[in-house]
Amino acid sequence: MAIASSDDYTVFVYVGCSKTKSVSGSPYQFNVDSVLTSLANAAALSSYDSFTSSAASATSPAYGLFQCRTDLPNSVCASCVRSALDQLSSLCPSSTGATVQLKGCFFRYGDEPFLGKPDTTLLYNKCGSAAPDGHSSDLLVMRDTALSGLASGGGNYRVGTGGRVRGLAQCVGDQSPNDCGGCVAAAVAQLKDVCGVADAGDAYLGKCYVSYWSDAADTSGHHHGNRPSGGRRRSVVAFLCLLSVATLGCA
């Protein structure tokens, strides 16, 4: 997918914060600070990395990872991750665990060993405007073709097309090919179920996301950096359960 110079990949998408708080100056907080520093440094070198820190206390380890869109240059990835990290103190002050998702990247940290584990929990979804009368059936055919290409594709970063509909999927770098395929399939199913005949849609799951849009759609609030307008449907689903149930105390 071509990268437009006007795209702002630091646009906020969603946040999830743990209910529990860490103590300033504690061994665990030291380990968290070490992980977050490692994430910021590594983002200038790759689109994905993960870290575990137990230097301050082996009994209070901290785990973290970041993921940028694979098609973004390292400089854009680093800027995106820095922007996400800069917002952490205001979004999730002193939280034991958190995630911040921006348009081009996200990071996650916590005290539970989530690295390498699959997670198909729906965290956030957004749907575009309904297709005009008389065009919905054509749009559905093109959308399903694009989404099928994503579901059947290989690799952690996938693109699909169906007529004038484009699709994009990416899994977190800690996922196996089988887990990635399962996550993308689950995200595709969510989009079909939730977005109906919408001309665009996003589904963010615990370890992957899928987006689709129509070239004829008004994507000013969907894929080009602005928050969605009032005419678009969006919902945050169980975003407080982004980390482990134990960490966040979710039902």
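As a reminder, the structure under discussion sits directly above these lines.
Because the structure is a prediction, the values reported are computed rather than measured.

Caption draft 1: Quick peek at the sheet that holds strand E2 (residues 48-53). Strand order across the open sheet formed by five strands is E1-E4-E5-E3-E2, with antiparallel pairing between neighbours. The open sheet has two free edges, formed respectively by strand E1 (12-17) and E2, since each of these has just one partner strand. Geometrically, the sheet is characterised by an average inter-axis angle of 5° between neighbouring strands, direction not taken into account. Here four bridges tie strand E4 (residues 98-102) to strand E5 (residues 105-110), and the two strands are oriented antiparallel to one another. Note on E5: the bridge partner recorded for Ala98 is Tyr109.

Caption draft 2: View of unusual backbone geometry. Here Ser94, not a glycine, exhibits a phi torsion of approximately 60°, which is positive. Mapped onto the elements of the fold, Ser94 is located in the loop between helix H3 (88-91) and E4.

Caption draft 3: Highlighting the nonpolar core. If you look at the biggest cluster of nonpolar residues, it comprises 26 residues, and the most contacted ones within it are Leu36, Phe66, Val81, Leu88, Phe107 and Tyr109. Of all the elements in the fold, those that place two or more residues in this core are E1, helix H1 (27-42), strand E3 (62-68), helix H2 (74-86), E4 and E5. Not counting chain neighbours up to four residues away, the residues in contact with Phe66 comprise Leu39, Ala42, Ala43, Ser46, Ser47, Tyr48, Asp49, Cys77, Val81, Phe106 and Phe107. Core analysis: the second largest hydrophobic core is formed by 24 residues, Ala146, Leu147, Val165 and Ala203 among them.

Caption draft 4: Broad picture of the state of the cysteines. Using the criterion set out here, one finds six disulfides in the structure. Put simply, Cys68 and Cys77 are joined by a disulfide, and their sulfur atoms are 2.0 Å apart. The sign of the 80° torsion about the S-S bond sets the Cys68-Cys77 disulfide as right-handed. Residue class for Cys68 comes out buried when judged on its relative accessible area of 1%.

Caption draft 5: Inspection of the pairing of strand E7 (residues 157-162) at higher detail. Going residue by residue along E7, you find Arg158, Gly160 and Gly162 tucked away on one face and Tyr157, Val159 and Thr161 left uncovered on the opposite face. Looking at chain direction, E7 and strand E8 (residues 165-171) are connected through six bridges and run antiparallel. Bridge pairing in E8 places Thr161 opposite Arg166. Hairpin connection of E7 to E8: two residues between the antiparallel strands, including Gly163 at a positive phi of 65°.

Caption draft 6: A look at H1. In this model, H1 (16 residues) spans 23 Å end to end at C-alpha, consistent with the 22 Å of a helix rising 1.5 Å per residue. Along H1, the positions that sit buried rather than exposed are Tyr28, Gln29, Asn31, Val32, Val35, Leu36, Leu39 and Ala42. Burial along H1 is one-sided: seen end-on, the buried residues are contained in an arc of 155°. In this structure, the buried side of H1 is in contact with E2, E3, H2, H3 and E5.

Caption draft 7: Broad picture of empty space enclosed by the protein. Across all of its chains, the model carries one cavity of 30 Å³ or more by this definition. Empty space within the largest cavity amounts to approximately 150 Å³. As for the largest cavity, its lining consists of 22 residues, of which Gln67, Gln101, Phe106, Val172 and Tyr209 are closest to the centre. Counting only elements with at least two residues in the lining of the largest cavity, the list comes to E3, E4, E5, E8, strand E9 (200-205) and strand E10 (208-214). Tallied by class, the residues present in the lining of the largest cavity amount to 13 nonpolar, six polar and three charged.

Parameters at a glance
- Residues numbered from 1 in each chain as written.
- Predicted model: local features only at pLDDT ≥ 70, side-chain atom pairs only at ≥ 80, totals over all residues.
- Heavy atoms only, no water.
- Pairing = 2+ DSSP bridges.
- Helix = DSSP H or I, 4+ residues; strand = E, 2+ residues; numbered from the N terminus.
- Axes fitted to C-alpha atoms, helices over the stretch in contact; angles between N-to-C directions.
- Core = buried A, V, L, I, M, F, W, Y, C linked by side-chain atoms within 4.5 Å.
- Buried < 20%, exposed > 50% of the residue type's maximum accessible area, 1.4 Å probe, protein only.
- Contact = heavy atoms within 4.5 Å.
- Disulfide = S-S within 2.5 Å.
- Expected span 1.5 Å × (residues − 1).
- Arc of directions from axis to C-beta.
- 1 Å grid on protein atoms, 1.4 Å probe; cavity = no way out; pocket = protein on both sides within 12 Å on 5 of 7 lines; lining within 4 Å.
- Points joined across faces, edges and corners; volume = space filled by probe spheres on them.
- Nonpolar A, V, L, I, M, F, W, Y, C, P; charged D, E, K, R; others polar.

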